[in-house]
Each structure stands twice: as structure tokens, then as C-alpha cells.
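Here is how the chains run, residue by residue.
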Amino acid sequence: MTAVTSDATVQAGAEPERRGAVPLVVVGPRTRVGRSLLARHEGPVLAVSRHADDTAALAGADVLDVEDDDLGSRLADASAVDVAVCALGPVHPGVPDHDRDVAGLRRDLGLLRRVLGAADGRPVRILLVSSVVALAPTPDRRYYGGAKSLVEQLLLELVAAHPHARLDVLYPGRLLAAGEGTRPWHRLHARFDRVAAHVERALRSSQPLGRRRVVGLDARLWLLVRSLSLVVQAVRPGRVDPTPELVDPKVAP
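Remember, it's a predicted structure, so these values are computed and weren't measured experimentally.

Engineer: What am I meant to see in the overall build of the protein here?
Structural biologist: Looking only at helices and strands, the protein features seven helices and 10 strands. Counting over 253 residues, the protein shows a buried share of 42%. For the protein, the exposed area adds up to about 14,000 Å²; of that, 54% sits on carbon and sulfur atoms.

Here's what the structure looks like:
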């Protein structure tokens, strides 16, 4: 497992008074990693709902509305708060929808700010499930990778203002469910339930510094190949041609 210490730090200070159980707030509970967390987590879980369809799909779970202004009472008895961010910004590469992505980002960041405020000095541990693409985006995934990096930076800035907050980040590659994938190379991919286990393990860690980890053998191999490709591009002479989406076909030679 590759581990890289991030720049997120927990500022020194007195340990807050301990209270009751630690709830897990899941942002993106309908993602497959989010569903795995809901199924496996043994403590109290608050599944964040963005709209009525989410609430209906999360029937049976303890649902937290994304616009909930009563977080103080919901978290009053907690000794600390854990947050698993399984979806923030674009979830899959594809055609960008800037307005939707920006609106969703602002909405979910607003919830996280309220969680930090409601924690009232108690420890808040945030785990972001990102993507290995964020570490070295390919030309066809610049928007997706850049959005993932932006989300991480915004969360780092958010926790930096709270002395007992911490951010950890996981960078998985392609994920498969148990039983999916029949080819030998599919064994290189991490499973959704394995990533969920990594989330829980990171949130339980007593490490004082936020950590960044690449998850899955395929993700580590992809990052190695991508890094070598960037080195080769850097040392070869010649120009860097613009990507097709940046060229107006009417004026392109």
C-alpha cells in the first residue's frame, strides 16, 4: 500500500470532552462505496439525502437532509463525528455539466461546514474517496481529474480552519463489486467493499496527520505508467499540441 502524508494537519490543543457514540455521516450514500458503508458499519450512520428521490431510495436508513439546519441536536450526544465523502463533484468521467457540478459542490460543502460548526470543538474526521486520476489526469480526463483535485483542496481549506478536524484521502482506480469481472486482470481492481473497509480503517486511525493513500494494484500500476509517460513527454523535444476540445474546427489547419 502506497501512503503519502498530506499537508492537512491537526493543530495542537486540549482534547475535547468525550461524549457518546461516534456517528458516521455518509455524503453520497447511494454510490456503491456509500452503500457498502451503510451495510457494513456497526455504529450510528446518517445517510445524506439531496432530494426526495434520495430519501425514497434510502428507506430504512437514518436520513440526514442536506439542508438540515438542526445538526446541533442530531450530533449533540456524539463524542466525535466521522464523515465519509463518497461523492462530491463529478462522480464519473463523462460530458461535463458545469452548472450541476458547481451547484452540487456548493450544496455539499455547505453541509460539511454545518457539520464542523455543530461539532463545536469535538474531533471531526473526514475521509474523501477521490480517484487516482486526480494525481495525474490524462488529456481526456482533465475536467474530471481537476474537479477531484479542486474538491480535495476545498476540503483541506475547510478543515484547516477547525483545530480538531482532519482530512484523509483515498485514490482508488477502477472498482468492481464482488462477483464482477471474469478476466484474470480484473483481479488487479479493488472491490467496493474493500474500499469501504479502507474508509473505516482510516477513520479509526489515531494518526495525527491526514493521510493520502492509493488503493488497488491497478491504481498503483496506472500511476506508475502515467508518471513514466509524463517523464518521457518532458524530455522529448518538440511542442505540445492542444487537445482536440481546445481547437476550433473552423480554424484548425
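Right, picking up where we left off after that structure.
Engineer: Help me out: how do you make sense of the nonpolar core in this one?
Structural biologist: Taken as a class, soluble globular proteins show a tendency for nonpolar side chains to be buried jointly. In this structure, Val 81, Val 83, Leu 111, Leu 112, Leu 155 and Leu 167 are the most contacted members of the largest nonpolar core, which totals 35 residues. Those elements giving two or more residues to this core turn out to be β2 (24–27), β3 (45–49), β5 (81–85), α4 (98–119), β6 (124–129), α5 (142–160) and β7 (165–172). Ranked by the residues each element gives to this core, the list is headed by α4, at eight residues. Filtering out sequence-adjacent residues up to four positions away, Val 81 remains in contact with Val 22, Pro 23, Val 25, Leu 75, Val 115, Ala 119, Pro 123, Val 124 and Arg 125.

Engineer: Just checking my understanding: could you explain the packing of α4 against α5 for this structure?
Structural biologist: Relative placement of two packed helices is described by the angle separating their axes and the distance separating the axes. Interaxial distance between α4 and α5 falls to 11 Å at its minimum, and their mutual angle equals 20 degrees. With respect to α5, the element α4 is oriented roughly parallel. Taken as a pair, α4 and α5 cross one another with a handedness that is right-handed. Between α4 and α5, the residues in contact are His 98, Asp 101, Leu 105, Leu 109, Leu 112, Arg 113 and Leu 116 and Tyr 143, Leu 150, Val 151, Leu 154, Leu 155 and Leu 158, respectively.

Engineer: Please clarify how the pattern of salt bridges should be interpreted in this entry.
Structural biologist: For the structure on display, the rule yields 10 salt bridges. Asp 54 is the partner of Arg 30 in a salt bridge, and the nearest nitrogen-oxygen pair spans 2.8 Å. Of this pair, Arg 30 sits in the loop between β2 and α1 (32–40) while Asp 54 is found in helix α2 (residues 52–57), placing the two residues 24 residues apart along the sequence. Between Arg 212 and Glu 152 there is a salt bridge, with the nearest N and O atoms lying 3.4 Å from each other. A residue pair is termed long-range when its members are at least 10 positions apart, and Arg 212 in strand β10 (residues 209–215) and Glu 152 in helix α5 qualify at 60 residues. The partly exposed category is assigned to Arg 212, whose relative accessible area is 23%.

Engineer: Looking at this model, I keep getting lost on the environment of Val 26. Mind explaining?
Structural biologist: Its place among the elements puts Val 26 in strand β2. On the basis of relative accessibility, which here comes to 0%, the residue Val 26 falls in the buried class. The sequence separation of Val 26 and Cys 86 amounts to 60 residues, and the corresponding C-alpha distance is 7.1 Å. Once residues lying within four places of it in the same chain are set aside, the contact partners of Val 26 are Gly 34, Leu 38, Val 45, Leu 46, Ala 47, Val 48, Ala 84 and Cys 86.

Engineer: Looking at this structure, how should I read the pairing of β3?
Structural biologist: Walk down a regular strand and you will see the side chains alternate between the two sheet faces. Judged by how many residues are buried, β3 sits mostly within the fold: five of five residues are covered. A two-sided burial pattern is seen for β3, the buried positions comprising Val 45, Ala 47 and Ser 49 on one face and Leu 46 and Val 48 on the other. Bridge count between β2 and β3: three bridges; the pairing is parallel. Within β3, the position partnered with Val 26 by the bridge is Ala 47. In this fold, β2 hands off to α1, which returns the chain to β3; that crossover is right-handed. By the bridge criterion, three bridges tie β3 to strand β4 (residues 63–65) in an arrangement that is parallel.

Engineer: What am I meant to see in a negative patch on the surface here?
Structural biologist: A cluster of acidic side chains, namely Asp 65, Glu 67, Asp 69 and Asp 70, defines a negative patch on the protein surface. One can find Asp 69 in the loop between β4 and α3 (71–74).

Engineer: Would you mind showing me how to read unusual backbone geometry here?
Structural biologist: Excluding glycine, residues mostly have negative phi values, and the peptide bonds linking residues are mostly trans. If you check the backbone angles, Asp 120 has positive phi at about 55 degrees while not being a glycine. Since its relative accessible area comes to 56%, Asp 120 is described here as exposed.

Engineer: Please explain the side chain of Asp 68 as it appears in this structure.
Structural biologist: Position of Asp 68 among the secondary structure elements: in the loop between β4 and α3. Residues in contact with Asp 68, not counting those within four places in the same chain, are Arg 74 and Arg 114.

Engineer: Hey, could you run me through the environment of Leu 64 in this one?
Structural biologist: Note that Leu 64 resides in strand β4. Leu 64 gets classed as buried once you look at its relative accessible area, which sits at 0%. The sequence separation of Leu 64 and Val 27 amounts to 37 residues, and the corresponding C-alpha distance is 9.6 Å. Not counting chain neighbours up to four residues away, the residues in contact with Leu 64 comprise Val 25, Leu 46, Ala 47, Val 48, Ser 49, Leu 71, Arg 74 and Leu 111.

Cut-off values and rules
Residues numbered from 1 in each chain as written. Predicted model: local features only at pLDDT ≥ 70, side-chain atom pairs only at ≥ 80, totals over all residues. Heavy atoms only, no water. Helix = DSSP H or I, 4+ residues; strand = E, 2+ residues; numbered from the N terminus. Buried < 20%, exposed > 50% of the residue type's maximum accessible area, 1.4 Å probe, protein only. Areas by Shrake-Rupley, 256 points an atom, 1.4 Å probe, with all protein chains shown as cover. Core = buried A, V, L, I, M, F, W, Y, C linked by side-chain atoms within 4.5 Å. Contact = heavy atoms within 4.5 Å. Axes fitted to C-alpha atoms, helices over the stretch in contact; angles between N-to-C directions. Parallel < 35°, antiparallel > 145°, perpendicular 65-115°, else oblique. Left-handed = near helix turned anticlockwise from the far one by under 90°. Salt bridge = Lys/Arg side-chain N within 4 Å of Asp/Glu carboxyl O. Pairing = 2+ DSSP bridges. Right-handed = clockwise from strand over helix to strand, strands pointing away. Patch = residues over 30% accessible without salt bridge, like charges linked within 9 Å, V, L, I, M, F, W, Y side chains within 5 Å. Lys, Arg positive; Asp, Glu negative; His and termini not counted. Charge placed at Lys NZ, Arg CZ, Asp CG, Glu CD.

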